[in-house]
Each structure stands twice: as structure tokens, then as C-alpha cells.
2 protein chains.
Amino acid sequence: MKIIIDAFGGDNAPEEIIAGGIAAINEEKGFTAVFAGKEDVIKEHLKNYEYDSSRVEILPAEEVITCEEEPTSAFRKKPGSSIALGLKALKEDEDTAAFVSAGSTGAVLVGATLKLGRISGVNRPALCPVLPTATEKNVLLLDSGANADCKSINLYQFAVMGSAFAEAMGVKNPVVALLSNGTEDEKGNALTHEVFPMLKEAAGINFAGNCEARDILSGKYDVVVTDGFSGNVALKGIEGTVGLLFSALKGEIYSSFRGKMGGLLLKPAFKNLKTKLDYNNRGGALFLGVNKIVIKAHGSSKRTAIKSAVLQAVSYAKEDLIGRVKAKLSENAREAK
Amino acid sequence: MKIIIDAFGGDNAPEEIIAGGIAAINEEKGFTAVFAGKEDVIKEHLKNYEYDSSRVEILPAEEVITCEEEPTSAFRKKPGSSIALGLKALKEDEDTAAFVSAGSTGAVLVGATLKLGRISGVNRPALCPVLPTATEKNVLLLDSGANADCKSINLYQFAVMGSAFAEAMGVKNPVVALLSNGTEDEKGNALTHEVFPMLKEAAGINFAGNCEARDILSGKYDVVVTDGFSGNVALKGIEGTVGLLFSALKGEIYSSFRGKMGGLLLKPAFKNLKTKLDYNNRGGALFLGVNKIVIKAHGSSKRTAIKSAVLQAVSYAKEDLIGRVKAKLSENAREAK
């Protein structure tokens, strides 16, 4: 099995990307890492690491799509980019299981949709990160940003795909909630009011009703569905608050001698917590709904995040994630309302 | 000047509400606290406190609206409730400046709109909490939940009202941002795409463009406008993350002796931080757009939160908040797009 890694996507490309890919190779067997990007540069970087060279390949791609470019036109104008060639190889080669990129989100999503095509029964693929919760469980939040405007059928399909994804990760009968502005059944906006009965009626969805944003990370739910605008607001609100709290805490700690002593003693505790909450360490967000596995890592990903994203891709491939999503969709097919 | 306090609204009513109202009286001069609710019960509670009795009144109201009741019908069916009679007195008495309640949000909003009426030029009033940020500044987030579905003209008016509110709080030329799924101008959903140029063109609004949810609390903005669904998601996402982080940190601290020692030393730091971030301590959310000052405190408010909410109401009244909002709206009037 091959995993294609976009060596030229992200703020820390290519160094951290290549380091992360090699770390993945060295940590787990059973796959080949294919680095897409400028061949010379990749070769030069690879010299810095020790690894089984039979498990590393290069997919030459001389063009680079930056985050400043308009995604759709950039993707079309640069057929020789690491994103375009990476996705092309993913589509064409049966043995290639996934594409991992920390590059332009827009270009990866547009490219994946165009090159790989949507799974039958999916109108809009969704970006789906795996978030840590207050318990040992994870929660899937989709759509977290691919589709700013959604229809009820999109959210319905997100619930089906999210359930299949959670099942592939070992969750039995995953609990699905609809993000809303209150927990009561009648809360919501026009969109959620339309989706609510669709989710309630669906035999294949274990629907728990509305959930508030404060409960996304509570561990009560395995899957939270919403439109890409609200999902993005929720995700970034959580992310921003974590960052703010850690920096405010740092400020408090450094403001007194007593604080500094306490901070020193709590260093391991803070580190544990940061590791647990930092979703960068958890790899990337799956682009769920296209015909193969595409993982979008955070633009600021360093080697650990890239390693996690690659290992995530490997495990999804082993669990036949796409096959499971297809099966669940066909079992729960329904028309738009 | 009189401030009406709903003594029978909220999880901790009437005890904490009355205690909070009395604390406000004892802390600041220049106003009278009017407790709305069951006269006997309020009288009984008042015996527990020392205060200037010339500054406390009771507005007898025998009915109570609970949070379980459907707001609109509860408000109509219970004309003798503390919410209905409190808002009636607020409307009718010129010397009464504000109504403060920790009761049913829906009933307070519906009641305020019906009894007090909307300010001319406001299609939809908005719920507007004052949030702490990473800096010394505060930020206003509106609408944080009154209107799940909004049109562009609503968000435009939120920006105008929010600017006037920030100005009344002493902010010069307040910076207004539009909550979106990215900072670039072209990011957003159908609604924000329509609002964006309206805000850009408005002479009276210092518009800074789109902002992501992660930056709401950054201190970069004085006012963040959004629809009530996304605003609620943002607010509760922030709230939930703060709660989760503190409880996770507690878990880490108690998991080792070293942690316990560190936690002991950091107790004052944690307390400071909690005080700073806990928006309950900051009083309540202003219901902005009706003809008088209405403050909705959190349902779980204890005496400190109620005291803050009452003092908040007093300061808004002193700053002639409603007059300023009216003036700003008439200067920046525009038609729906």
C-alpha cells in the first residue's frame, strides 16, 4: 500500500513534511511513503534520515500551489503541482490508498472532488476532523468547513458518512447529534429544523437530537453534524479558546515567584494536557465523501502532526473506510427533502 | 433611577437574586432596586440583609414563568408573572431604567420585544454579551442567540448597534468584524457575502473585515457580528472549552503528588484566570434593539453575577445607551439589500 504525501504543502514544507513521513515509515510497517514534489529538493532532504529506502518513493512534481492562490484556478492552472499529480496518482493507482497534504485546503478539496469524484449518494463531501473529548472517546465534527452553505440532504449525508467513519474506528452504534443553539427538539434554524426529522427517521443513524456547542467535546457524542460555516465557527472557537487559555495561564504563572514554582511543578501536567487537546497531534481532517482517502493536515503542521496524519491514513485504509462509507450510504439512501 | 430585578428568574432564584440585588445596592449609590416577584417570599428574604430600605422596593408578581414553558405562550398566559409585570413597569415608568432577569431567555426576549417595542430602524433585536479577551479590552458578540435565522439587514443593524454600545462603554471608533469561516474577504456563506459590502460601505462603521472564531477573544476587535445561530455556537463553544480545560487541568493536577503541590502554588493564578474568563462574573447579555435596557443574566447566575448585571444596567443607563443606539441607527439608516 502506498500513501502519497504532499511534500510541498504547508507552512513548514518541505522539511517537516518529509521528516514526518519518514517518522511514520520508521514507526509502522506495511506501507510505502510517496513524497510528491520537487525531486531534487526531496532527495536532498532524504539524505538527513535513516530509513528503509525500499519503502520511500518520489513522485516528481515541479509546481507548487500556495495558500494565497484562489484554489480552483490554481488547481486548474497548475496540473504539474504536487496536489494535482498526487491526486492523479491516487486515482489511477489501485495500490495507492491515500493522499495527505498540509497545503491549501481549498485546492486539496477542489482537487480531490474533481480528480477522485464523489462517492455515489454524496452531494457534498465534508471536512471531518477527529477531536479529543473530556472522556477517552473522540468525536467527529462534520462539516468543519468544506461547505459554507448546506442543504438538509447534505447534513443527512454527513450523519450517514460520519456514522460509517466512527464505526470504522471501532465505535459501536455511534451516537449522532445535530449542532444547534439549544438542546430542545424545537431549537435550531431553518436548516436544522428540516434536518432534524430526517435524522430521527433514519434507521441507520443513532440520533441523539440537538446538541449545543458546549457539548461537542463532552464525550456524549461520537458524531456531531452541522453546516460547514457553523462547524468552522465551532472548531475555531474551540481552538482559539485553548490557545487563549494556555497563554493567559502562562501570563499568570510568570507574574509571581509562587506562580513560577507552581508552573515548574505542573510542567508535566500541562504537557499532558496540551498533547491531549492539541488536535494537530492527532493528524488531520478527513475529506469524507470522495472516492479515496484524502487527509488535510493543518497548514502549521510539524513532523509529529504529519506522522500522525500518515498513520491515520494507513489505519483508515486498513479498515476499508471508503468501502464502509459506501455501504452505509447505500443502506441509508434517501432523496432530498 | 430604578432597576427592576426579576427575583423569580433563574436556577438560584429567589435567594441568590435577592442577595445579588442587595449587594449591588450596597456597592453603588444612585439607584433603587425593585424586586419583582412573590411579595411575601421577597420580604422574608430581605430580612436576611442589611441595606438602606429607602432604596429597595417590591413589585408584587405572583406568577412565575419557568424555563420549561414555551416562551411566547407562557408570556401571554401569565400576565401576572415577574417577567410580564417587570417589563410592563419598565415601559410605563419613565424613572425605571432597566430590567434584569436570569429567567427564561425566550420569555424575556419575547416579552421585551412585545412590551417595550423595537427601536425605530431595528428589525430584530440581538442578544449581546460582553466577553473578556486576551487583552484588557472586551468584545461584544452579537447576535449570540436571539435570532437563529438572519438576513443581511439584521447583521448590518447589529454592527451599528454594537458600535454604539461599544462607544457608550468608552471605546473610540470601535473595530467591527464579521464572523466568518476564514479571514479573507471572499470567505463566508451566502449571508456574510451579502453583509460584507454593506459593512464596508457604511461610513459609521469601522469595519475590519472577516474574522475567524479563533480571533473573537483575541482583543483585535471590539464588536463581532453574526447570525444568532453561529453566534450561539461560538459563545457556547468558547464556554464549553473553558469548562473542559479547567476540569481536565484539575484531573492532571490531582493525578500526582507533584501535581497537587503545583496546583496548590498556582491556586491564586487559577482563581485570577477563572475570574477573568468566567463571563458570569461580567453580568449578563444586553438585549440590544428594544426601547429600554434589558439584561439577561445566565440562568445559573449566583449573587456575584446578579450584582454585576445590576451594576451593568446602572452604568448603561448613566451612559444613555439607548439614546446613543438610537442616534447611531438614524445616522446609519439603510434599506434591506
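In this report, we go over the structure that sits alongside the text. (Residues numbered from 1 in each chain as written. Chains lettered and ligands numbered in written order. Predicted model: local features only at pLDDT ≥ 70, side-chain atom pairs only at ≥ 80, totals over all residues. Heavy atoms only, no water.)

What follows covers the sheet that holds strand β4 (residues 96-101) of chain A. All names here are of chain A. The strand order β3-β2-β1-β4-β12-β11-β5 describes an open sheet built from seven strands, whose pairing is mixed. Sheet topology places β3 (56-60) and β5 (126-128) at the edges, where each strand pairs with a single neighbour. Each neighbouring strand pair of the sheet contributes to a mean axis angle of 25°, computed without reference to strand direction. Docked against the sheet, helix α1 (residues 15-27) engages β1 (2-6), β2 (32-37) and β3, running at close to 170° with respect to β2. Here helix α2 (residues 39-46) sits on the sheet in contact with β2 and β3, set at roughly 155° to β3. (Pairing = 2+ DSSP bridges. Helix = DSSP H or I, 4+ residues; strand = E, 2+ residues; numbered from the N terminus. Axes fitted to C-alpha atoms, helices over the stretch in contact; angles between N-to-C directions. Contact = heavy atoms within 4.5 Å.)

What follows is about the sheet that holds strand β12 (residues 293-297) of chain B. Residue and element names in this part refer to chain B. One open sheet accounts for seven strands, arranged β3-β2-β1-β4-β12-β11-β5; its pairing is mixed. Bordering the open sheet on either side are β3 (56-60) and β5 (126-128), each of which pairs with just one other strand. Ignoring which end each strand starts from, the neighbouring axes of this sheet average 25° apart. Where strand β1 (residues 2-6) lies against strand β2 (residues 32-37), five bridges are found, and the strand directions are parallel. Each bridged residue has a counterpart across the sheet, and for Ile5 the counterpart in β2 is Phe35.

A separate point is the relation of the copies chain A and chain B. Taken together, a rotation about one axis and a shift along it account for how the two chain copies relate. When chain A is fitted onto chain B, the two copies agree to an RMSD of 0.0 Å after a turn of 180° and an axial shift of 0.0 Å. Here the transformation between the copies is reduced to the relation of a two-fold axis. Every residue of chain A has its C-alpha some distance from the rotation axis, and the shortest such distance is that of Gly262(A), at 2.1 Å. Comparing contact sets, 96% of the residues at the interface of chain A also lie at the interface in chain B, consistent with an isologous, same-surface contact. (Least-squares fit on C-alpha atoms with pLDDT ≥ 70 in both.)

What follows covers the pairing of strand β4 (residues 96-101) of chain B. Residues and elements named next belong to chain B. Counted residue by residue, β4 has six buried out of six residues, so it is predominantly covered. As paired elements, β1 and β4 share four bridges and run parallel to each other. Pairing of Lys2 across the sheet is with Thr96, part of β4. Pairing analysis gives four bridges linking β4 to β12, with the strands arranged parallel. Looking at β12, one finds that Ala98 is bridged to Ile293. (Buried < 20%, exposed > 50% of the residue type's maximum accessible area, 1.4 Å probe, protein only.)

Quick look at the packing of helix α1 (residues 15-27) of chain B against helix α11 (residues 303-318) of chain B now. Residues and elements named next belong to chain B. Where α1 contacts α11, the two axes come as close as 7 Å, and the packing angle between them is 50°. By the angle class used here, α1 and α11 are oblique. Both α1 and α11 take part in a crossing whose hand is right-handed. Contacts between α1 and α11 involve Glu15, Glu16, Ile17, Ala19, Gly20, Gly21, Ala23, Ala24 and Glu27 from the first element and Arg303, Ile306, Lys307, Val310 and Leu311 from the second. Its residues assigned to classes, the contact of α1 with α11 shows seven nonpolar, two polar and five charged. (Parallel < 35°, antiparallel > 145°, perpendicular 65-115°, else oblique. Left-handed = near helix turned anticlockwise from the far one by under 90°. Nonpolar A, V, L, I, M, F, W, Y, C, P; charged D, E, K, R; others polar.)

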